[in-house]
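The primary structure of each chain is shown beneath.
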Amino acid sequence: MKPLKTFGVCLVGIFLLSQSAFLDLSAYSSYSKVVDSQETQRLVSKLDSQHASGIFLVKTWKGRSLEHFDTFTNFWGRNLLFQELFKPERLKFKDSKVQASIEKTKMSHWYAVSGFDVSEETKIFLKLASDPNVQVVEPDYVASVRRFQPDDPLFPKQWALDNTGQTGGKPGADIKAIKAWEFYKGDPNAVVGIIDSGVDYEQPDLRDNILVNVDDPINGIDDDENGYVDDFYGWNSINDSNKVMDDYGHGTIVIGVPAGRGNNGLGITGINHKAKIGIAKFLDETGSGFNSDAAKSVLYTVSRGWEITNNSWGGGGFSQLLFDAISVANDAGFLFIAAAGNSKSDNDKSPSYPDSYDLPNIISVAATDHNDKLASFTNYGLKTVHVAAPGDNILSTTKIGNCNLCTLDGYAAFSGTSLSGPMVSGAARLLWSYYKSMGKEVDYLFIKNKILLGSDVLESINTKVRSGGRLNLYNLFEPDIVPPSAVNDLTAVQTFYNSVSLEWTAVGDDGLVGNASRYQIRYFKTSTDEFNFDNAIEVLGNPLPQDSGNKIQFKFNNLDPDTNYSVAVRALDNVGNTSSVSNIVTFRTNKLKLIFSDNFDGPNKGWVVAGKSTPTEGALWHLSKRRSFSPDFSYYYGQEFSGNYDTGYWNYGSLESPLISLESAKDPFLEFQSFLRRENNFYSDLAWIQVSKNGGENWIYSYFFDTSDWKKYKIDLSAYAGSKEFKFRFFFNTFDQYGNKQEGWYVDDIFIYSSNGT
């Protein structure tokens, strides 16, 4: 992430958009909506992520526009500038579905608000949030390229397309591009849109594939009347111009993967040999940009009709503005393919944007290496990351010259999900073009499902991404219409309190020949034989493929104890052909044994508080009614009167449980509710649980917690089964006296269970 931009830089594009509206705020009344202390804490936490200085993004309620701010308060002693974020002519689309989406998402209701000092942004932010005309207020988050440090400067071969072991990796650990090209090499008129830092449209291996808008030549006139003057090569949302040359180098690297020119005797081969490259620029010469400019770029790609865009960038928190813009692309029927990120984290637990937005047109992509393993840097997520693709040591095009990621010869190898995302963008473009060439109309959901279901299920990633697989380009084109046989011997071989182990005989790829590529498992919370497979709950994760006739065992969890369930299985081959549904199996999960519980609403069960809040005062942990999960009290680390843990001093403290015997417990686990507001810095304000099996003499285990609203946590204690003197404690440490005005930590509804219930 690059240093925070100044207000003056980020507003160049914004304040050229429309006539300004300086508002007289002198006629203030007390007309406002209530923002309570809980909501205040949530809002202020939005300012923790990097964002533009001196500007907020505001969405007004339906029927509210600039004139409704005439009575907006002069409470701060100055005028605020409300600026329309999008020119009206850029919100007019000929496609009725897209226009309806523009109206549905109220894109015309978004404004950039400025005219205040950076030192006052918290106060201004909260005042805007409390105004009844405002539906959403958010910072203009900083986004940056999904980059990782480049490795070998000249990678000799493109192992991701055809891996023969040339880089020391596993032969065959590739996307099978050569076999796919036997069926189809692409459409020279199909477009891969890239929202990034621009593209070097003079790069020798890209220039023949650059899309030019012949309907709007560079003459100072908006010839095609699309609201963008002279967008011959594309559009730059940073300064609202047609200057899309890549001045950082990232976009040029990214686009070589899906759309580098093939069979031209130069450099590399892209997945689509002659596909056109559509350029939308919002990242600057440092590789950073703002969500407001990203949203403008998304709408630009929709206005140009680019069905597929690659998005190898991200950063900041949830942005309603960017979500709205991608929603417009979704309603237009366009795919938004995004890199999952390079911080080695689980996106299910810590969302990464824009790839974690819950929209059906997004494909989030993790990275693999030349051994078909998850790359060391990649993010992942069984729910939120859809598929993996090669992203380590990927040879691609570069800008020739002098810039951050430039080279002298125009080629280099790089690593990151910035490279794996374009693999999927290239596959999606090739597949969609193929069906069009066959005269078949398909939509973006069809393309997305084909890519996910056609991926190769791998042991290294089958529990890390939703599809369980790595991209396989050939599987998207293989002419196979024979489905696998149905499973007919599904059995529940063992039940547990929250899981079940299933067993069945593997079927083939074609009937009983070969092996099926994956199995879909779905269940209902019912004991009846009536089973609608498509409406049942899908089990995430895939059992590894087995040769036909072999036994497959698979265990899945997240079930409720002492509950009836029905389950069935369906087999799929490598191109997505599905078998009929298997026999239906019913089972009941086991009961749990309660070992310990406390909701803090009765007598003290032996909890002990220790620590320091000041040199003379004890720990802040105490029973509180400020928040509770049920019914009245929780234990709170914070000050009751101020609602934060700022004591002007480094403070720390523990809430230690009584002795608990796990002597006869089988697979015990701890379950509790947590509400946490802390400084978002890994090196300060840490909240964790410590565990002891000898009554607190030694604390041998730690479990860390992230900021969240009330959330149930479950911690496996099976390693401590048999202990007669088990204890655990909630421990909070600020490490310094700075930045401690957050609300703190509440815990409630503590339970310890054993799975050997009766």
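Before reading on, note that the structure itself is shown above.
Definitions and cut-offs
- Residues numbered from 1 in each chain as written.
- Predicted model: local features only at pLDDT ≥ 70, side-chain atom pairs only at ≥ 80, totals over all residues.
- Heavy atoms only, no water.
- Helix = DSSP H or I, 4+ residues; strand = E, 2+ residues; numbered from the N terminus.
- Buried < 20%, exposed > 50% of the residue type's maximum accessible area, 1.4 Å probe, protein only.
- Contact = heavy atoms within 4.5 Å.
- Pairing = 2+ DSSP bridges.
- Disulfide = S-S within 2.5 Å.
- Salt bridge = Lys/Arg side-chain N within 4 Å of Asp/Glu carboxyl O.
- Phe/Tyr/Trp six-rings, centres within 6.5 Å; stacked < 30°, edge-to-face > 60°.
- Lys NZ or Arg CZ within 6 Å of the ring centre and 35° of its normal.
- Axes fitted to C-alpha atoms, helices over the stretch in contact; angles between N-to-C directions.

**Description of the environment of S499**
With respect to the helices, strands and loops of the structure, S499 is situated in the loop between β19 (491–495) and β20 (500–505). Taking relative accessible area as the criterion, S499 reaches 2% and is therefore assigned buried. Here S499 is in contact with K555, F556, N557, L559 and T589, once residues within four sequence places are set aside.

**Quick look at the environment of V581**
With respect to the helices, strands and loops of the structure, V581 is situated in the loop between β24 (564–572) and β25 (585–588). Put simply, V581 and F533 are 48 residues apart on the chain and 7.4 Å apart in space, counted from C-alpha to C-alpha. Residue contacts for V581: discarding those within four places in its chain leaves A486, F533, A568, V569 and R570.

**Considerations on the sheet that holds β24**
Taken together, the 4 strands give an open sheet; going across it, the order is β22-β21-β24-β25, and neighbouring strands pair in antiparallel fashion. Of all strands in the sheet, those bounded by a partner on one side alone are β22 (537–538) and β25. Two elements, strand β21 (residues 518–524) and β24, share 7 bridges in a ladder whose sense is antiparallel. The residue bridging Y523 from the neighbouring strand is V567, located in β24.

**A word on the state of the cysteines**
Scanning the entire structure with this criterion turns up 1 disulfide. A sulfur-sulfur distance of 2.0 Å marks the disulfide that ties C403 to C406. In this structure, the disulfide formed by C403 and C406 twists by about 105 degrees around the S-S bond and is classed as right-handed.

**Brief notes about the pattern of salt bridges**
Applying the stated rule across the entire model yields 24 salt bridges. When the shortest N-O distance is used, the salt bridge between D293 and K296 registers 3.5 Å. One end of the pair is D293 and the other is K296, both in helix α7 (residues 291–304) and 3 residues apart, which spans about a single turn. The residue E663 makes a salt bridge to K724 at a minimum N-O spacing of 3.8 Å. With a gap of 61 residues between them, E663 in the loop between β30 (652–656) and β31 (669–677) and K724 in the loop between β34 (708–716) and β35 (727–733) connect regions that are remote in the sequence. Of the residues examined, E663 reaches a relative accessible area of 48% and is grouped as partly exposed.

**So, the packing of aromatic side chains**
Summed over the entire model, instances satisfying the criterion amount to 51 aromatic pairs. Geometrically, the ring pair formed by F232 and Y233 is edge-to-face, given 5.0 Å between the ring centres and 80 degrees between the ring planes. Ring centres of Y645 and F732 lie 5.1 Å apart, and the angle between their planes is 65 degrees; this geometry places the pair in the edge-to-face category. On the criterion of sequence distance, the pair formed by Y645 in the loop between β29 (634–637) and β30 and F732 in strand β35 is long-range, its members being 87 residues apart. Here the two residues Y645 and F732 agree in accessibility, since each one is buried. Sitting over the face of the ring of Y380, K464 holds its NZ or CZ atom 4.6 Å from the ring centroid. Over the ring of F669 we find K714; its NZ or CZ atom is 4.5 Å from the centre of that ring.

**Looking at the sheet that holds β35**
Strands sit in the order β27-β30-β35-β32-β33 across an open sheet of 5 strands; the sheet is antiparallel. The sheet terminates laterally at β27 (608–612) and β33 (701–704), the two strands that pair on one side only. Each neighbouring strand pair of the sheet contributes to a mean axis angle of 20 degrees, computed without reference to strand direction. Here β27 runs beside β30; their pairing, made up of 5 bridges, is antiparallel. Each bridged residue has a counterpart across the sheet, and for G611 the counterpart in β30 is G653.

**Looking at the environment of V212**
Residue placement: V212 occurs in the loop between β6 (191–196) and β7 (234–236). Spatially, the C-alpha atom of V212 lies 8.0 Å from that of G278, the residues being 66 residues apart in sequence. When neighbours within four sequence positions are excluded, V212 is seen to be in contact with F232 and Y233.

**Quick word on unusual backbone geometry**
Omega for the peptide link from Y353 to P354 comes to 15 degrees, which places this bond in the cis form. On the secondary structure map, P354 appears in the loop between β12 (335–339) and β13 (362–368). A positive phi is found at E225, a non-glycine position, where the angle reads about 55 degrees. Structurally, the position occupied by E225 is in the loop between β6 and β7. Within the chain, D240 stands out as a residue other than glycine whose phi angle is a positive 55 degrees. Summarising the element assignment, D240 is placed in the loop between β7 and α6 (250–259).

Nothing here speaks to function; it is all geometry.
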